[in-house]
Each structure stands twice: as C-alpha cells, then as structure tokens.
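Summary of the model geometry
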Amino acid sequence: MRKISGILVMAIVAITAVVLAGCSTSRHVPEGQYLLDKVKIEVDPTTGMNEVTLINYLRQQPNHVVLGFAKLQLGIYNMSGRDTTRWYNRWARSIGQAPVIFNRDLTEQSRRQLELALVNRGFTNTHVTVDSVFNRKDRKVELVYHINAGAPHIIRTISYEFEDPGVGAEIMSDSDKFTISEGTLLNRDILENERIKITSRLRDKGYYSFTKDQITFVADTTSRSKDVALTMKVLLPQKADSTYRETPVKISRVVYRVESGREVPPSECDTVSSGPFTVIYNGDKYLKLGILEEKCFIRPGEPYSVSDVNRTYEALSQLAIVKYVNITMVPDNEGGENALEAVITLTRTKKQGVTFEVEGTNSEGDLGFGVGVTYQHRDLARGAEVLTAKVRGSYESLSGRPSGIINDRYTEVATEVGITFPKFKAPFVSKSFKQRSKAQTEFALSFNYQERPEYTRVISGAAWKYRWNDPSNMRRHTFDLIDLNYVYLPSSTEDFISTIAPQNPLLRYSYEDHLIMRMGYSIYRTNRRPITPGVELSGPTFQRKIWTLRASVETAGNLLYAMSSVTGQNRHGGAYKVFNTQYAQYAKADFDYSWVYNFNMRNSIALHGGIGVSVPYGNSKMIPFEKRFYAGGANSVRGWGVRTLGPGAYDARNSVIDFINQCGDIRLDLNVEYRAKLFWVIEGALFVDAGNIWTIHNYETQPGGQFHFNSFYKQIAAAYGMGIRFDFTYFLLRLDLGMKAHNPASGQEEWPLLHPDWGRDKTIHFSIGYPF
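Here's what I pulled together on the structure shown here.

What counts, and at which threshold
Residues numbered from 1 in each chain as written. Predicted model: local features only at pLDDT ≥ 70, side-chain atom pairs only at ≥ 80, totals over all residues. Heavy atoms only, no water. Helix = DSSP H or I, 4+ residues; strand = E, 2+ residues; numbered from the N terminus. Buried < 20%, exposed > 50% of the residue type's maximum accessible area, 1.4 Å probe, protein only. Contact = heavy atoms within 4.5 Å. Arc of directions from axis to C-beta. Polar contact = N/O pair within 3.5 Å; in protein donor to acceptor, adjacent residues only side chain to side chain. Core = buried A, V, L, I, M, F, W, Y, C linked by side-chain atoms within 4.5 Å. Expected span 1.5 Å × (residues − 1). Pairing = 2+ DSSP bridges. Axes fitted to C-alpha atoms, helices over the stretch in contact; angles between N-to-C directions.

In this section: the overall build of the protein. For the protein, the count of helices and strands is 15 helices and 29 strands. With 772 residues in all, the protein has 44% of them scored as buried. Residue pairs in contact within the protein that sit at least 24 positions apart in sequence constitute 64% of those at least 6 positions apart.

Once that is clear, we can look at helix α6 (residues 165-172). Buried within α6 are the following residues: V167, G168 and I171. Seen end-on, α6 carries its buried residues on one side only, within an arc spanning 100 degrees. Of the surrounding elements, those touching the buried residues of α6 are β4 (154-162), α7 (188-203) and β6 (227-234). Looking at where α6 begins, the residue whose side-chain oxygen comes 3.0 Å from the main-chain nitrogen of G166 is D164.

Bringing the nonpolar core into the picture now. Y256, L287, I298 and I344 are the most contacted members of the largest nonpolar core, which has 30 residues in total. Elements that contribute at least two residues to this core include exactly β7 (250-259), β9 (277-282), α8 (289-294), α9 (306-317), β10 (322-331) and β11 (339-348). Residue contacts for I298: discarding those within four places in its chain leaves I251, V254, F277, D308, V309, T312, I327, M329, A342 and I344. One finds Y57, V100, L118 and V128 within the second-largest nonpolar core, a separate group that totals 21 residues.

Its 16 residues place the ends of α7 23 Å apart at the C-alpha level, agreeing with the 22 Å of an ideal helix rising 1.5 Å per residue. All of the buried residues in α7 are L191, E194, R195, I198, T199, R201, L202 and R203. Next to the buried residues of α7 lie α6, β5 (215-220), β6 and α9. Of the residues flanking the start of α7, the one acting as N-cap is N187, its side-chain oxygen 2.9 Å from the backbone nitrogen of D189.

The sheet built from 5 strands is open, its strands ordered β8-β9-β7-β11-β10 with mixed pairing. Looking at strand neighbours, the two that pair on one side only are β8 (270-274) and β10, the edges of this open sheet. Geometrically, the sheet is characterised by an average inter-axis angle of 15 degrees between neighbouring strands, direction not taken into account. Alignment of β7 against β9, held across 6 bridges, turns out to be parallel. Looking across to β9, one finds that V254 is bridged to F277.

Here the focus is the sheet that holds strand β3 (residues 140-148). With respect to topology, 3 strands assemble into an open sheet ordered β1-β3-β2, the strand pairing being mixed. In this open sheet, the two strands that pair with only one neighbour each are β1 (35-42) and β2 (127-135). Ignoring strand direction, the axes of neighbouring strands in this sheet form an average angle of 20 degrees. In the sheet, β1 pairs with β3 via 7 bridges, with the strands oriented parallel. Bridging across to β3, L36 finds its partner in V141.

Mapped onto the elements, D37 comes out in strand β1. Overall, the relative accessible area of 15% leaves D37 in the buried class. In terms of polar contacts, D37 uses its side chain to reach the side chain of K71, at 2.8 Å. If sequence neighbours within four positions are ignored, D37 has contacts with P62, K71, K140, V141 and E142.

Structure representation (structure tokens):
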C-alpha cells in the first residue's frame, strides 16, 4: 500500500512539474505566427444560446485547459526538443498537444458558423464580428466574437398545400402532433424535425416510398416586419406527373434467409414454410421458424410500417446467436400491385465460446491465486437459448497457524449454470403478450463453497428472473420472480461464534444456517447516448448533461411466513423455520442518481447521491449480513476502505469482529468529482465524498450505530482526494487517493482535515470504471 501511495504522489508531482515546465507556451510557435491563447464569445442570453453552447461551432479553439488555467498537454509537448530523431522528443509530442497556431481563414469560418447557428434558430439578421488582441512579445492572440442577433422572425400564420389530396388528408389527421405552431421562432432545426416526424408517421401507414424531401417549407417575410407567413408544401415524388396518387402498400409475405457463413448450392438449401412465413437455411440449420416468427413484427396482410421494421431489427438483434440483421423490401408481383415482400437476412456469430481468467493476490505477504473458466452456447435448442456455465476457484495461504482455527487457508470454489430464453417464459400467458413484452427469461443454479480460518460455509442458490432492455441499453428492467439462497455452515469453531456475538445473539444469525427467499425489481435509466469507440462527439452532437438512475426494491420471506402462519407452525426460538432452518423476512429499497455536466470535451463535473433503507420484520429481527449496506471503498466514501466506516458513530477497534459489525440498514452517499482529460489516455480527478450507514434498531454490539433524525447529520463522514485514471476506451483503470476529513467514530480524531496524519488518514483504491 505504501508503494502504491508513493507512486500516486510521484505522479502528481510529475504532472505539476510538467505544468510548470509548460509555462513558455510559445516555445514551438514558428516565427511570425501567434499562439491562439484565448477565445471568448459574447452573445445576448435572450437568444437562448450562450458561450458554452456556441463554442462547439468554432473551427479553431485554443489548446486544452485543465482546472481552468493549466494547458497541460501543451506543456508536455513543449518539453520536447526540436530533434525529432530522439525517442524522448517523439514520445513527448505523441502524448502532448501541438500549439494551436492562429489561422485567419479558420477564424472567418468560425464567424460564419456562428452566424449560421443563430440564423437556424430564427435570428436571420445575425451579424458576427471578431476582435483580435495580439501580444507580440509572447506571440499570443486572444479572439472575441461579438454576436449581434437582432430581433428574431416569428411565425404568425401557417398554411398547407398538398399536391396529393390523399397524402394531405393523412398528414392533417395527425395535426395535433405537429410541433410547429403560430407564435414560435422560425427555427430551421424544428422545421427539419417536423419533416422527419411527418415522414415517419406516413411510412407507418403504408406509404413506403414517401421521403422527407417531398416536404418543403416556404417562409414569406417583408422587409419591415419580423412576422412570417409559413407554408408547408407536400409535393409529389420526382418525375411523377400531376395525376399520380400515392397509395399505401401491404406486406404480402416474409422470407428469412438464415446465413451460416458458408455458401451452399441453392439446391442444398433447406426451406421451411408456415403460411406467409418462409425460412431458407443457407448452410447450417439454426434458429427454428417458431422463434423467428415470434421475433418478427412485420405482419403479412398489414400495411407497411417503418416502426414494425425497427421493432423487428431490435428483437432479432437481441438474439445472442445473431451477429448481423438486414431487412429489405422488394416488390412482390404475385402479391398484387401494391405488395411488398420483406426479406430478412440473418448472419450468425460463433455458436460456442470459452473464456478463461487468472488473477494473483498478495495480502500482507500471503500469496494467493484465482482461476476461472466460462463456457457459453448461444443456440442450445435452435431457439437462441443461451447456456452459460461458470467455474471459479481461488486459494490464499495463511501465514502461521493461530490457535482455535479449523482451516489454515482461504479457499473458495464457485459454480453457476444458467440458461436464458429470448422470450417471456411463463404458464398461462398468451403468445401476443410474450411478443409484446420483449423480455428474456433466465433460470440459474449456483453453488459456492468457502473455507475460512474460522469456519466453512456453503451457499446454494436458484433464480428465476426476467430482463428487459432496449438496443441502446439506455433502459433496463429486471424482475426477480424468485431468488432462493440457502446458507449452510457444516463446521465452525465455538471461538468464532462467541467472538462475533459474545452477548448479542442477533449477530449470531449472520453466520448460522439461514434461508433467503426473495422477490425484487430493479430499473436502470440513462440519457447517455452510445458512443462508438474512436469517434469523438463534438459540435451539435456534443452531449453536455448526462444523468443515470438506478433503483431497486425487494422483499423476502413473505410467502413462507404466510404459509407458516396459515398452517399453524410452531415457532422455534421466536421464529418460524423451514426444514429446521430459519428464513429471513425483510423489505429493502435502494436508489442512486448521478449527474454529469460536461463543460467541454475534456472537463466535467459529476454529482452523485444514493440512499438505501432495509427493514427486518416478522420472522427476522436483523437483515442477513449479505443483504446489509456497508460504507467506504472505491465507490463510496473514499477516505475509508471497504467496510471500515460506520455504522453511525461506531468505534471500530477489533479487526476480527468489525467486518461483521460495520454494516447497517440505512445508507447515504453524496459525492462530487471534477474530471479532466490530461494527456494520452490519462485523466485526473479531484473529489469530495460524504456519507455513512446506520442501523434501524439499537444493537448492543454496534453502539452508536442507530439512526436518529435529530443527530444523524453529525455522523456523516467526509473525505477528499484526487485520482488518476487510464481510459483505454473499452475499459478504465482507476487509482484514487482518499483522505479523511470528518470522522464520526467516537473516540477517534473528529476532524482529520484540521489535524491530518498521512499514515492514519490516507486510503488508496484501485478499481475499474468510474465510481458513479
């Protein structure tokens, strides 16, 4: 740990040195030219636009800035010499950023782009001027763009002209869905979106060949007025005479071409038909007709609908065996004049796959290792069923052999077998409901064998759940119909039980045999658009605000408790049991929300808030240990390690029992983090964290841990720190240094912020991915 903290400190010192070394920012600026040092945009806020929005339209911007003032990448570049044959100079230039040289042509292009941006929003008389302030001594230039938007053009009247009365009637039947209206700005972006929406609605009604190019807008203005008389014209297709009338088309049949990756003669292709559905297998015969028909929303005999085509794309793309989907429409002369044949071509991925993982550990000199293997079959019974089997084992040695233990090692063997069906599996459910639900059904069995110095534990599980998600993965739902876990301790030491619960038998429950039968629901929502690796979003596509919501709720033991009560079962030790094993009964809710504001492509601030509450009742006086909340760690209050904070003002002193005691029933997390892309793949971060956990009841072995409304705020822990991240596009490695600021534990230094101690207050975290 000391080595890691030393590395982090040296990295911070090195970055600081680089910033200082880059103070001579014009070192590599050619003679007679100027470094573009600063750019400012002045615009009237009544236009609805500001400098943060408009700066993305500039064709030339200054070098990247970190923390609002430090041009770190430029500083690294300036550390290089002029001899490009030396490896160090090439390396510094490759991870740094060359100085941005002022270019008059690009400045003029930026000026025109700013004018165009305002014109598109209805400010058609916008005029942009540029002031250039040259610093000839330092060879720098500052630019100021002055935007005079003037008064906007307002739509006062709207009229419609249709060359095809039938198409016009269809359009006006949805007039309540129009987004343009009288009294709004003449915004060209809104007009373009209206064209797209009208076209989409028509194509959903069978107008397959209709395009948005047939819709035009004519704005009639006068020189002395800002009022606009807007006319929407819907034209006939190009090269069509005035008598042409467009009519809806219908789908006559659906033909699947299932490709396996190898070509076979047409005579050897297998063909399977069921009414208007036909499947042609080119080579390997996978995916039955039934699953293909169920995943197809294009219905023969119904009008063509672009929405149905998109839903079919979505449904087929979720099949694990399918790699590519292509849907084309071809005229079907046999089906009639206005008939289309839908041809759906599928290309499969590998049916089976095996992955391996290996890791090594070193915990205070005790060496260990872990190995795992995962096998997957993506088309088990020709219905796109996915079979997944996992096996994992780990071992860690234990130095010495303390008295009173039963194992001289840490050992774990875990297995899991699951099968996922690409449909809603349940009895007494109609076929149409299964298709509309677009859910996946999962069945899984698991077994986990653990050996610790003080005990041996076996955890067995079974699950039946449903999952929904959209293709972009921006919305996900999971419903756990049943999740069963049985915890069994075949052997343990009396010293271990008496140590974790010397006087309070409630904690004994956490490490005795128990059963959890739960039902739960979780949801994930975000507005973060999928980003293609290597493609940087900028300009109008730049996403400034990103939010993510995670929420879950679960209950356990209610069905078993009802059965025990109805059957008149006798209590044992104050609780009902099933097969001589007590079962848990509780309710739990968890909520997390994060919000990221991107100042630009390289600087952002992230906020996060999380709260959780769990309540034991009925058959339980305590939440099972594995279901309780904990605080501290790489994704919580980073001044503390995992399970080393709380509950409340609890004073952790005994390393043997505190990992059991430092958990609770209420969770609060508050985080703010500034993130900056530094250079190459390296990012930096500054953060402040706050939070803690508390217990619902007053437990004797967790003194000071109970939640009280009038005092909980005094027990909120706080931490601050900085971090280094390595963004490799597909994954991100994170190294954070957290320092305690406020410690609510009674008997310990309350304000480490005012009385810091490096050895006492620091915590290093190494993790994968952002904390939130």
